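Secondary and tertiary structure notes
Spelled out from the first residue to the last, the chains are:
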Amino acid sequence: MNKIADIVIGALFILIGILIVVFSIQLPHWGENLNNPGMLPFLVGVLIILCSLSILVNAIKNKVKNINDDRESVPVNLLKWSTLEGRRTYIFIVSTIIYVLAIKQFHFYLPTIAFLPITSFLLGVRSPIKLISITIISPLAVYLIFNYAFNIMLP
Amino acid sequence: MDFFIESFKLILTPTNLALLAAGTFGGILVGAIPGLSGGMALTLLVSFTYGWGIEQAMSLIVGAWVGVVYGGSWSAILLNMPGAPSAIATSFDGYPLALKGKGGEAIGMATIMSFIGGLFGLLLLLIAAPPIKNIALRFGAHEYFVVTLFGLILVGSLTGKNLSRGILAAALGIFIGIIGMDPGSGIPRFTFGNVYLLGGIHFIPVLIGLFCLSEAFYQIGHSTLIGGITKIGRILPSPKSVYMKIPLTIRSSLIGVISGAIPGVGADIAALLSYGQAQRTVKKPSAEFGKGAYEGIIATESANNACIGGTLIPMLTLGIPGDSSTAIVLGAMLLHGLRPGPMLMVEQPGFYWLMIFTMIVANFFMLIFGLGTVSYCARIVMIRKEILMPLIIMFAIIGAFSVQYNIIHIYMVVFFGVVGYLMRIYQFPVGPMVLGVILSSLLEMNFRRAVVISSNDVLQLLTDLATRPISAILLLVLFIVIVGRSPLARFIIKTLFRRNAEEGK
């Protein structure tokens, strides 16, 4: 899994590096002198390409020679829906995205009152007392702390 | 002398003392809870204190920083699950002691040695910072450019197991920092017509996404905590046992400071190095190392807290953070209009002394809270991730929004949270990317100044970089570090050792 992932990552970042280089040289004043807006992005793009090439070449070499490098394996369980760890992670990420989109529509408190207990429930918290406590105490504490102590406006 | 006294008086105001105490106590609790990291806490505090005065903001942030590094020892000792990476080595002997019913004494020893180590680190900062500052005052654009590049590449190369991945992460961070209007000409770069990107990508949402959200996503996939020792018992070790271990404490603290001063090394490596030296140098430990030796705890805890002083040496004098936490503190300073570097100590000596006194007082609060509250607060290490992580998301959203009250920052936080999560999965270090974002503008500004000074000529620029003593030495060190970690160098070293072994036979 490490080798295939590294090959894909290497190739992807080589492509990103090339795109950065191409867009850099298309910026105005390129080529007039060293002090132009595209110079540093160009150098960064080249560095990205070189690092990605190193990752790609190592990965191909290890795959061809069937060598396992000394890194830990990619934790694939976290990427698979079929595993408990993967499902928990996907549920959490998706619920976070929904929460953020809901904040834009409904502002902070309503989505938060929904997000906290629902996400905790989906992740395995079953105690009604804990769920109700999170739902009531957290938004209240946030209101008091951020309005009066930190003096911060909420979304 | 005036600044010395004024800064001292400033720290002793009730507001700043209260914030320092709250920050230290909160930091200890955050550090104690497995799943919460110092980076998370500091990042959120930087965003929450955006609109505050610098003294109040730093009181809270510095207190939390000191607290978090120490707080990891609680869960390391009681649960065998370090709350902070710097406490990994503390669990080697701390947990066996807890199993023997001596968890309280272990935490007491960790607290006292963290306190001594923290003060020792600050003492060395006081000694080392002025001469380094005097050298750095002679820096020009070329030296600043090389120092910034040196810090970035060194952190990228020393963080994580793979050189290319670390440097790639740093390069991506620099690229993210470049997006927006070019400061010299006003030309939009990589905005693709998006008006929100014209002002650039603010580093706070990037920080929160990469440190907070990605860590929360990663943690939720791991099993939740269900057991641990929370019965504490006696806490204070005997004065004689503390006094007898002072030489070990000083040696370990020295390792901590030196490790902290080298960008990319950090408190976790400092603690492990210190543990190794304790194993080699302590002839009669209280127990076998790894089975409940107090010397193991002393070595790691004094080193990891001394490391804080060490990381401040390059940060305050050169503007180069020694690790991720220092990078976040540097971000806080930039947000409040301060520019870390040698000119900081010249133009703002009051701030320099403020940092010193804040850290000294924070160490005292750490000692008080560590010894006084552990019996009551130890149960906090058992809090479930399923409750904690959604709360972290909520705070992260508030923190991202609080910086400029821009809803786009919330979307950026989630985006960088997913990016950071994928980086962790595929073993890219997150710290170098954060550093790249924070230092990109400094890097570009000095690069372009150096280019102008070198008459816009590539050969002249390279000659200037190679012939100025400081930039030449740093470039040489960088070259040695990069080449030394490259596969070619490893191959050469392996071949040489094999040959020597065969000749030896």
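Refer to the structure printed above.
Only a predicted model underlies this, so the values are computations on that prediction, with no experimental measurement involved.

Parameters at a glance
Residues numbered from 1 in each chain as written. Chains lettered and ligands numbered in written order. Predicted model: local features only at pLDDT ≥ 70, side-chain atom pairs only at ≥ 80, totals over all residues. Heavy atoms only, no water. Helix = DSSP H or I, 4+ residues; strand = E, 2+ residues; numbered from the N terminus. Rg over C-alpha atoms; globule rule 2.2 N^0.38 Å. Buried < 20%, exposed > 50% of the residue type's maximum accessible area, 1.4 Å probe, protein only. Contact = heavy atoms within 4.5 Å. Areas by Shrake-Rupley, 256 points an atom, 1.4 Å probe, with all protein chains shown as cover. Lys, Arg positive; Asp, Glu negative; His and termini not counted. Charge placed at Lys NZ, Arg CZ, Asp CG, Glu CD. 1 Å grid on protein atoms, 1.4 Å probe; cavity = no way out; pocket = protein on both sides within 12 Å on 5 of 7 lines; lining within 4 Å. Points joined across faces, edges and corners; volume = space filled by probe spheres on them. Patch = residues over 30% accessible without salt bridge, like charges linked within 9 Å, V, L, I, M, F, W, Y side chains within 5 Å. Salt bridge = Lys/Arg side-chain N within 4 Å of Asp/Glu carboxyl O. Phe/Tyr/Trp six-rings, centres within 6.5 Å; stacked < 30°, edge-to-face > 60°. Lys NZ or Arg CZ within 6 Å of the ring centre and 35° of its normal. Expected span 1.5 Å × (residues − 1).

1. Here's the deal with the overall build of chain A
Within chain A, the regular secondary structure consists of five helices and zero strands. In sequence order, the secondary structure elements of chain A are arranged as α-α-α-α-α. Over its C-alpha atoms chain A spans a radius of gyration of 24 Å, topping by over 25% the 15 Å that the globule rule assigns to 155 residues. Looking at chain A residue by residue over its 155 residues, the buried ones come to 43%. Residue pairs at least 24 apart in sequence account for 52% of intrachain contacts in chain A once pairs closer than 6 positions are excluded. Carbon and sulfur atoms make up 71% of the accessible area of chain A, which totals about 8,500 Å². Computed over 11 positive and 6 negative side-chain charges, the separation of the two mean positions in chain A equals 12 Å.

2. Thoughts on the layout of surface pockets
Gaps left between atoms show up when a probe the size of a water molecule is rolled over them. Size it by volume and the second largest pocket reaches roughly 1,100 Å³. In terms of lining, the second largest pocket is formed by 38 residues, of which the most central are Ile145 of chain A together with Gly26, Val30, Leu36 and Phe395 of chain B. Among the elements of the structure, helix H5 (128-149) of chain A together with helix H2 (14-32), helix H3 (38-48), helix H4 (54-79) and helix H17 (385-404) of chain B are those that each provide at least two residues to the lining of the second largest pocket.

3. Some details on unusual backbone geometry
For residues other than glycine, phi is negative in most cases, and the peptide bonds are mostly trans. Residues and elements named next belong to chain B. The backbone of glutamine 427 shows a phi angle near 65°, a positive value even though the residue is not glycine. Position of glutamine 427 among the secondary structure elements: in the loop between helix H18 (407-425) and helix H19 (431-453). Even without a glycine there, the phi angle at asparagine 456 is positive, about 60°. Of note, asparagine 456 is situated in the loop between H19 and helix H20 (458-467).

4. Some words on a nonpolar patch on the surface
Residue and element names in this part refer to chain A. A surface patch of nonpolar side chains, amounting to about 660 Å² of accessible area, comprises Tyr109, Ile113, Leu140, Tyr143, Leu144, Ile145 and Tyr148. Within the element layout of this structure, isoleucine 113 appears in helix H4 (residues 109-122). Assessed through its relative accessible area of 35%, isoleucine 113 is described here as partly exposed.

5. Quick notes on the pattern of salt bridges
Scanning all chains against the criterion turns up 10 salt bridges over all chains. Here glutamate 386 of chain B makes a salt bridge to arginine 88 of chain A, at a shortest N to O gap of 2.9 Å. Within this pair, whereas glutamate 386 of chain B is found in helix H17, its partner arginine 88 of chain A is found in helix H3 (residues 84-106), the two belonging to separate chains. Like glutamate 386 of chain B, the residue arginine 88 of chain A is buried in the burial classification. A single salt-bridge network, built from bridges that share partners, covers Asp182, Arg189, Glu444 and Arg448 of chain B.

6. Examining the packing of aromatic side chains
What the rule picks out here adds up to 25 aromatic pairs over all chains. Here tyrosine 70 of chain B and tryptophan 74 of chain B contribute two aromatic rings whose centre-to-centre distance is 6.4 Å and whose plane-to-plane angle is 85°, an arrangement assigned as edge-to-face. With tyrosine 70 of chain B and tryptophan 74 of chain B both in helix H4, this residue pair falls four residues apart, about one helical turn. The class for tyrosine 70 of chain B is buried, based on a relative accessible area of 0%. Grouped by ring-pair contacts, the aromatic residues Phe108, Tyr109, Tyr143 and Tyr148 of chain A constitute a single cluster. The cationic tip of arginine 339 of chain B hangs over the ring face of tyrosine 144 of chain B; the distance from NZ or CZ to the ring centre is 6.0 Å.

7. Thoughts on H4 of chain A
Taking 1.5 Å of rise per residue, 14 residues should cover 20 Å, and H4 of chain A covers 20 Å from first to last C-alpha, within 8% of that figure. Where H4 of chain A is concerned, the buried positions are Pro111, Thr112, Phe115, Leu116, Pro117, Thr119 and Ser120 of chain A. Tucked into the core, H4 of chain A has its buried residues touching H3 and H5 of chain A together with H17 of chain B. Phi turns positive, to about 120°, at glycine 124 of chain A, one or two residues after H4 of chain A.

The analysis is restricted to geometry; functional conclusions fall outside its scope.
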